[in-house]
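Chain and residue survey
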6 protein chains.
Amino acid sequence: MTSPRIDGRRPDQLREVRITRNWLDHAEGSVLVEFGRTRVLVAASVTTGVPRWRTGSGLGWVTAEYSMLPRATHTRSDRESIKGRVGGRTHEISRLIGRSLRAVVDYRALGENTIVLDCDVLQADGGTRTAAITGAYVALADAVEYLRGLGALAGEPLKDCVAAVSVGFNAEGTALLDLQYEEDSAAETDMNVVMTGSGTFIEVQGTAEGTPFSRDELGQLLDLGSLGCAELTRIQREALA
Amino acid sequence: MTSPRIDGRRPDQLREVRITRNWLDHAEGSVLVEFGRTRVLVAASVTTGVPRWRTGSGLGWVTAEYSMLPRATHTRSDRESIKGRVGGRTHEISRLIGRSLRAVVDYRALGENTIVLDCDVLQADGGTRTAAITGAYVALADAVEYLRGLGALAGEPLKDCVAAVSVGFNAEGTALLDLQYEEDSAAETDMNVVMTGSGTFIEVQGTAEGTPFSRDELGQLLDLGSLGCAELTRIQREALA
Amino acid sequence: MTSPRIDGRRPDQLREVRITRNWLDHAEGSVLVEFGRTRVLVAASVTTGVPRWRTGSGLGWVTAEYSMLPRATHTRSDRESIKGRVGGRTHEISRLIGRSLRAVVDYRALGENTIVLDCDVLQADGGTRTAAITGAYVALADAVEYLRGLGALAGEPLKDCVAAVSVGFNAEGTALLDLQYEEDSAAETDMNVVMTGSGTFIEVQGTAEGTPFSRDELGQLLDLGSLGCAELTRIQREALA
Amino acid sequence: MTSPRIDGRRPDQLREVRITRNWLDHAEGSVLVEFGRTRVLVAASVTTGVPRWRTGSGLGWVTAEYSMLPRATHTRSDRESIKGRVGGRTHEISRLIGRSLRAVVDYRALGENTIVLDCDVLQADGGTRTAAITGAYVALADAVEYLRGLGALAGEPLKDCVAAVSVGFNAEGTALLDLQYEEDSAAETDMNVVMTGSGTFIEVQGTAEGTPFSRDELGQLLDLGSLGCAELTRIQREALA
Amino acid sequence: MTSPRIDGRRPDQLREVRITRNWLDHAEGSVLVEFGRTRVLVAASVTTGVPRWRTGSGLGWVTAEYSMLPRATHTRSDRESIKGRVGGRTHEISRLIGRSLRAVVDYRALGENTIVLDCDVLQADGGTRTAAITGAYVALADAVEYLRGLGALAGEPLKDCVAAVSVGFNAEGTALLDLQYEEDSAAETDMNVVMTGSGTFIEVQGTAEGTPFSRDELGQLLDLGSLGCAELTRIQREALA
Amino acid sequence: MTSPRIDGRRPDQLREVRITRNWLDHAEGSVLVEFGRTRVLVAASVTTGVPRWRTGSGLGWVTAEYSMLPRATHTRSDRESIKGRVGGRTHEISRLIGRSLRAVVDYRALGENTIVLDCDVLQADGGTRTAAITGAYVALADAVEYLRGLGALAGEPLKDCVAAVSVGFNAEGTALLDLQYEEDSAAETDMNVVMTGSGTFIEVQGTAEGTPFSRDELGQLLDLGSLGCAELTRIQREALA
């Protein structure tokens, strides 16, 4: 039987995932994460103190910013700095990444420290937001170790780990894991699943791009997403070992 | 047994929903939609022609913009026009509303006409995006009738209807339907469900605000959301009758 | 003799004016004011304290912001938040409303409190700025009562009341009171008159749209404007009774 | 009897007014206009053609932009280019200047040509907008002559001339003509009067800065403004002779 | 032998340079500087205190802003305030002027005072940045005298003087001093030289507009620039005498 | 004798320079260029056609954009997209890169094609603009080959090659080649030299950061810069071989 996928993968197979730690020299944590040809550089920056509205609370803060280089994509896009405004898609993904990581952070253990995760897409081939979340967890873990080395923590700030993957149905109704660009563009339904290492859900976002989907189809996608996140969790652990 | 809810509703009960059509004199479709104290004014504006990238395709276009008046909320917020930029949350919700409505539109039947749905929140008490989607469908239906009256359609552009509702777990683990502001702020998990009148899903967005949720809990929320959307579909049909 | 006006009014007759107080649940004062089909929602927001440049002076502050929903008008306009800049007309009217209300405020009696008046035009049919001023006075009075209830005042902050109306000449040279949209577009001369309840002038702005006007014509418009403001003052008093 | 004015003028006396034509080498019309220490550089730029919405109408267009150099004032202000937005006051005055000049222009005689009047305040000492209008008329007249020289006109585009002056009451209730900065800051009422050479009104804008004013006081200011505009008309004619 | 230059100058001859001090009444130092038809108004504004990042250091600060009026040039340009962003060329020249003046300032002697130099080009005919630097030094010297008069200095803040001039090769390979607009547009190589009164270099910026230049040609331009700066230094001294 | 440099290099020694071609899959030319720890990703994007003002001329166009990732530097900087404006330094460097490359391009041979060079600094350790120019030439050469492969060229568009390096004096008066961050921050004089492979100058920018420099010192820096550019030209040729 032949594969239903462009690159010959099984429907339930991830692309080759590579996580290179310490790709940068200055950042307190940094990762080049690759899901096939999708390549995201994540830098974790630690600063002492928290935003003004949180000062004196004893609690830390974690936030994220996502962006794409102009030629990450097949054709060049204009820079948001030149357009003078951040687009809706950029905003939406930055918020998703921040939310996903904050879900496993114990702010009290972090103390009044801030960690910013900059996720810059160097090359895009589908799944940039899920690669960013998966890589950002590793950079966050390194930044937390940096703070631990300084004796700046009040406990263990990471309650669990976080990974994310995209899933969707192709036009023939086959559920696919970790869609690359062409698959993503042609998908009937597209879902991003963000999960903890313990197998619980942090975020589920499913969208019908074509025909609306049934409860049963939703179930199939969640099964596949859970499988993918479990595998990504394993890869993260190896990278951090 | 007493209600677990501030306003005495049953866990699976919607707030009082009111849909007032033709609230404006100029717009081709307009609705004041109220989910309890949440009050959204939706105006559907019809223009002949489509954006440049779609011209000559024979296909129509539907888009949406969401915004909040500065004093819709408990304390006043600054206007985005004065800040000079549209915030991430505004962008995200505008995109969600547009996507949700487009899922039931047959662009070919619509012909090269554009319908813009302006959803302005006059008062916010939780669930503004779901109220906006629910009301916008009714305004869209009226705008489509307006085009039908002009003989400008090439078939029936509405393949189905659309309604949306929020669901979530409170701190005691009870699943609640249609969260008002205080419930929303305190929810452990928060989910927005957008469904067709036929009972299929257009969009599912679930977020763990506190503890991540299990597959079983996700199922409970989907059940409750389906129930709420079915009831909203009934109310929309009455309003359009 | 037939009326020279589209809607059958006498030249010196206002449109039907309705002032609905407490249209919003959160705002300290709020009014839906209608001059015929022109409909403006005014929210008065009270905050303790004043802008930095006024802190420690013992004086209060009152300011206003005017805006129009995109489909308030016959054809849809782009949002200023999306354009990223506030237009000249919006700025000009916001400044006029603020100035008009400040003219009757005793800042010392107000104490170091700020009242912001948000005037959002839900539907426009001419005279939106004069309707906004007339409604804003009522919302301001309610916000002042709210502060009085808190014991936060150092006297009576409202020295007088304020109302505003537009007047103009039509092409036949008849002076008209309270111009609706079509009359306004066709007027030779257009004047906005803002007056106190005592019959003195706060602001007079007259512009020749066609032929420049004579001193005598200016006099006729002032007569008509004074008459209209006196009637609006009466309606405001009834609403506040 | 001593003068009630800082600089010893009679209440009904203009400051020394100087109009220097052709202050710039490139512009089709240019004027350095001085009302005492207030100094405004006006450049009239002619371009063939009109904005897109007017193309093919056979009608011309005239518009104006007003701005202040950062150190025109007693203390330095930030540049609007650096703040990234044009302030409300700048917008308001630009619109007033444009409206005032357009009131005497016959667009058909102008043909499809555009004249932009840039009014840049080099030094401000009160009355910048009235000096700008008065000087802009002269620059406009020179730009019209330039077009006449090209044979590009279809008649006489200037139906009349335009001048403007400020008037106001000081704290002692004396009506003053052409207020300089300190007088303007201390005025109870402030009015700008824009008139044609024929003595009719183009624009009247009166504002109560302190106590609201009576109909009789309004009359006194109009008398004084008419007197000042007549004198400015005479000075403009001399400059153009 | 005839001159190779449009205006008949010798290759090594400056245009007529005029420096008019105290052109403004409010500014602590001000200069109208003219290099032929290039005309720049420089205002030096003194404020007590320094930017926050420098507070408490005992050191002063000097900065500059450059801008062009819309009709300084042969054809009108749009205002940067209206475009809502400052262009690259404006930024680049503002930074050059600030750097050039700071090179001769002793911050400790200046004390915690800030001097802002606003350089507004009223008319442009080539060499606006070098005229601005040359004039700004004189305005700076006057602002320093103003501070000396207040007893606010801790020594002599000006370690040297600064002048600047442009040089370049025309198409025939002749090196020219102080290029006017047409010469500048046609130059093969264009260089700006900023020098102290003592004959040392503060900034050298040479750009090949056509054919890249040799080390020997670079030497010729530096010779010519040194000559021009020495002459400008003499003119500055006369103006300040 | 010990080295005067932090990293033990000789004064006239470049850092280790690495040029990795085809680092990206989508771009028509791409290079990861490293000068020691300075790491710049350059993408060359080819589009058919030229900007509107050049259409129909038969000439091509080359332009560049420079930007830094937020954590390229020792401490994190805010994104320009979020600040909503591009800073002066960014503008200045983008313009320098574009100018430098255009100096060796034959527009007629390029035909009506546009090449945009995006230079994104992934890590900064001094000399980012010179690394960007040096790498951009290689990416440009690859993009030109891509066009040649399409048969889209009308000759050889590259008249020469381009390389750039920084030079400067340290506090002890030693001239250094290719300054890394700490050397750059401490330099008395800082110069960027952009040269062709033939040894002529495209751009020379020297700035006195401390004491102004003499003609003789300028000569020393030019000698060292010429040496460095020759070595970089050799490295570029190897990379392209």
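Every value quoted in this text rests on a predicted model; they were computed, and no experiment measured them. (Residues numbered from 1 in each chain as written. Chains lettered and ligands numbered in written order. Predicted model: local features only at pLDDT ≥ 70, side-chain atom pairs only at ≥ 80, totals over all residues. Heavy atoms only, no water.)

**Points about the overall build of chain A**
- Helix and strand counts for chain A stand at six helices and nine strands.
- Here chain A has a C-alpha radius of gyration of 18 Å; the compact-globule value for 241 residues is 18 Å, and the two agree.
- With respect to the three principal axes, the spread of C-alpha positions in chain A is 55 × 40 × 30 Å.
- Per-residue burial for chain A yields a buried fraction of 62% across its 241 residues.
- Residue pairs in contact within chain A that sit at least 24 positions apart in sequence constitute 70% of those at least 6 positions apart. (Helix = DSSP H or I, 4+ residues; strand = E, 2+ residues; numbered from the N terminus. Rg over C-alpha atoms; globule rule 2.2 N^0.38 Å. Buried < 20%, exposed > 50% of the residue type's maximum accessible area, 1.4 Å probe, protein only. Contact = heavy atoms within 4.5 Å.)

**Points about the relation of the copies chain C and chain B**
- Overlaying chain C with chain B gives an RMSD of 0.0 Å, the required rotation being 180 degrees about an axis along which the chain moves by 0.0 Å. Taken together, these values place the two copies in the relation of a two-fold axis. Distance from the rotation axis, computed per C-alpha, reaches its smallest value in chain C at Ser81(C): 1.8 Å.
- Most of the interface of chain C is mirrored in chain B, where 100% of its interface residues are also at the interface. (Least-squares fit on C-alpha atoms with pLDDT ≥ 70 in both.)

**Some details on the environment of Glu16(E)**
Residue and element names in this part refer to chain E.
- Note that Glu16 resides in the segment before β1 (17–21).
- The exposed category is assigned to Glu16, whose relative accessible area is 58%.
- Not counting residues within four places of it along the chain, the set of residues in contact with Glu16 comprises Glu34, Phe35 and Gly36.

**Brief notes about the UniProt feature "domain: Exoribonuclease phosphorolytic" (unreviewed entry) in chain A**
- In the numbering used here, UniProt assigns the feature "domain: Exoribonuclease phosphorolytic" (unreviewed entry) to residues 13–143 and 161–225 of chain A.
- Counting secondary structure, residues 13–143 of chain A comes out at 30% helix and 32% strand; the distance between its end C-alpha atoms is 30 Å. (UniProt positions renumbered as here; feature names shortened; annotations may be inferred.)

**Observations regarding the sheet that holds strand β2 (residues 29–35) of chain B**
Residues and elements named next belong to chain B.
- Strand order in this open sheet of five strands is β1-β2-β3-β5-β4, and the pairing throughout is mixed. Where the open sheet ends on each side, the last strands, each with one partner, are β1 (17–21) and β4 (61–68). Strand-to-strand, the axes of this sheet are offset by a mean angle of 15 degrees, without reference to chain direction.
- Pairing geometry for strand β3 (residues 38–48) and strand β5 (residues 113–123), over ten bridges, is antiparallel. Across the sheet, Val40 pairs through a bridge with Val121, a residue of β5.
- Its contacts with the sheet place helix α2 (residues 88–102) against β4 and β5, and it is angled at close to 145 degrees to β4.
- Strands in contact with helix α4 (residues 128–149) are β1, β2, β3, β4 and β5; relative to β3, the strand with the most contacts, it is inclined by about 35 degrees. (Pairing = 2+ DSSP bridges. Axes fitted to C-alpha atoms, helices over the stretch in contact; angles between N-to-C directions.)

**With respect to the packing of aromatic side chains**
- In total, this model carries 21 aromatic pairs over all chains according to the counting rule given.
- Grouping aromatic residues by their ring pairs yields a cluster made of Trp53(A), Trp61(A) and Tyr107(A).
- Looking at Arg39(E), its charged tip hangs above the ring of Trp23(D), at a distance of 4.6 Å from the centre. (Phe/Tyr/Trp six-rings, centres within 6.5 Å; stacked < 30°, edge-to-face > 60°. Lys NZ or Arg CZ within 6 Å of the ring centre and 35° of its normal.)

**Some thoughts on the UniProt feature "binding site: phosphate" (unreviewed entry) in chain A**
- Under the feature "binding site: phosphate" (unreviewed entry), the UniProt entry names Arg89(A), Gly127(A), Thr128(A) and Arg129(A). Taken along the chain, the residues just named run across 41 residues; in space they keep tight, none of their C-alpha pairs more than 13.5 Å apart.
- Those residues in contact with Arg89(A) that lie beyond four places of it in its chain are Tyr66(A), Met68(A), Thr128(A), Arg129(A) and Arg95(B).
- Considering the arrangement of structural elements, one finds Arg129(A) in helix α4 (residues 128–149).
- Excluding residues within four positions of it along the chain, Arg129(A) makes contact with Tyr66(A), Arg89(A), Ile93(A), Leu96(A), Asn192(A) and Gln205(A).

**Topic: unusual backbone geometry**
- Unlike most non-glycine residues, Asp178(B) shows phi in positive territory, near 55 degrees.
- You can see Asp178(B) is positioned in the loop between β7 (175–177) and α5 (181–186).
- In this model, Asn22(D) sits at a positive phi of 55 degrees, which is unusual for a non-glycine residue.
- Counting through the fold element by element, Asn22(D) comes out in the loop between β1 (17–21) and β2 (29–35).

**Details of the arrangement of the chains**
- At the level of C-alpha atoms, the two units chain A and chain D stay apart, their nearest approach being 10 Å.
- Chain F makes no contact with chain C, the minimum C-alpha separation between the two being 11 Å.

**Digging into the interface of chain C and chain B**
- Across the boundary between the two partners, chain C contributes 35 residues, which contact 35 residues of chain B.
- For the pair chain C and chain B, the two sides together bury roughly 3,000 Å², of which 51% comes from carbon and sulfur.
- By the criterion of area lost to chain B, the three top residues of chain C are His26(C), Arg71(C) and Arg79(C), representing 25% of everything that side buries.
- Taken together, chain C and chain B are joined by 14 salt bridges.
- The salt bridge involving Arg79(C) is made with Asp118(B); its shortest N-O contact spans 2.7 Å.
- The interface formed by chain C and chain B includes 22 residue pairs in polar contact (both at pLDDT 80 or more).
- If you list the elements that add at least two residues to the side of chain C that touches chain B, you get β3 (38–48), β4 (61–68), α1 (80–83) and β5 (113–123) of chain C.
- When grouped by side-chain class, the residues that make up the side of chain C that touches chain B number 16 nonpolar, eight polar and eleven charged. (Buried area = accessible area lost by both parts, 1.4 Å probe. Salt bridge = Lys/Arg side-chain N within 4 Å of Asp/Glu carboxyl O. Polar contact = N/O pair within 3.5 Å; in protein donor to acceptor, adjacent residues only side chain to side chain. Nonpolar A, V, L, I, M, F, W, Y, C, P; charged D, E, K, R; others polar.)

**With respect to the nonpolar core**
- By size, the foremost hydrophobic cluster in this structure holds 140 residues, and its most contacted members are Ile115(E), Leu117(E), Ile115(F) and Leu117(F).
- Ile115(F) has contacts with Ala44(F), Ser45(F), Val46(F), Trp61(F), Val62(F), Thr63(F), Leu110(F), Leu140(F), Ala143(F), Val144(F) and Leu147(F), leaving out every residue within four places of it along the chain.
- Core analysis: the second largest hydrophobic core is formed by 139 residues, Phe35(A), Val42(A), Ala124(A) and Phe169(B) among them. (Core = buried A, V, L, I, M, F, W, Y, C linked by side-chain atoms within 4.5 Å.)

**So, the packing of helix α6 (residues 215–240) of chain E against helix α6 (residues 215–240) of chain F**
- At a minimum axis separation of 12 Å, α6(E) and α6(F) run at an interaxial angle of 155 degrees. Taken together, α6(E) and α6(F) sit at an angle that is classed as roughly antiparallel. Relative to α6(F), α6(E) is oriented so that their crossing is right-handed. For the pair α6(E) and α6(F), contact is made by Arg215(E), Leu218(E), Gly219(E), Leu222(E) and Asp223(E) and by Arg215(F), Leu218(F), Gly219(F), Leu222(F) and Asp223(F), respectively.
- Along the lines of polarity and charge, the residues of the contact of α6(E) with α6(F) split into four nonpolar, two polar and four charged. (Parallel < 35°, antiparallel > 145°, perpendicular 65-115°, else oblique. Left-handed = near helix turned anticlockwise from the far one by under 90°.)

**Considerations on the sheet that holds strand β3 (residues 38–48) of chain E**
All names here are of chain E.
- Spatially, β1-β2-β3-β5-β4 is the arrangement adopted by the five strands of the open sheet, whose pairing is mixed. Looking at which strands have only one partner, the edges of the open sheet turn out to be β1 and β4 (61–68). Across this sheet, the average inter-strand angle for adjacent strands is 15 degrees, counted without regard to direction.
- Those strands touched by helix α2 (residues 88–102) are β4 and β5 (113–123), and its axis lies near 145 degrees from that of β4.
- Most of the contacts of helix α4 (residues 128–149) go to β3, to which it runs at about 35 degrees, and overall it touches β1, β2 (29–35), β3, β4 and β5.

**Here we look at the state of the cysteines**
- Counted under the stated rule, the structure contains zero disulfides over all chains.
- Cys161(A) forms no disulfide, and the closest cysteine sulfur to it belongs to Cys229(A), at a distance of 10.0 Å.
- Under the relative-accessibility criterion, Cys161(A) is labelled buried at 6%.
- Here Cys119(C) is not cross-linked by a disulfide; its sulfur's nearest cysteine counterpart is in Cys229(C), at 16 Å.
- The class of Cys119(C) is buried, set by a relative accessible area of 0%. (Disulfide = S-S within 2.5 Å.)

**Considering the side chain of Thr128(E)**
All names here are of chain E.
- With respect to the element layout, Thr128 can be found in helix α4.
- For Thr128, a relative accessible area of 6% gives the class buried.
- At a separation of 2.6 Å, a polar atom in the side chain of Thr128 contacts the side chain of Tyr66.
- In contact with Thr128, other than residues within four places in its own chain, are Thr38, Val40, Tyr66, Met68, Arg89 and Val121.

**Side note on the environment of Val138(E)**
- Along the chain, Val138(E) turns up in helix α4.
- Put simply, Val138(E) and Leu122(E) are 16 residues apart on the chain and 18 Å apart in space, counted from C-alpha to C-alpha.

**Structural notes on α4(A)**
Residue and element names in this part refer to chain A.
- Compared with the 32 Å implied by 1.5 Å per residue over 22 residues, the 31 Å span of α4 between its first and last C-alpha is a close match.
- Counting buried residues in α4 gives 18 out of 22 residues, a clear majority hidden from the surface.
- Immediately beyond the C-terminal end of α4, within one or two residues, lies Gly151, with a positive phi of roughly 70 degrees. (Expected span 1.5 Å × (residues − 1).)

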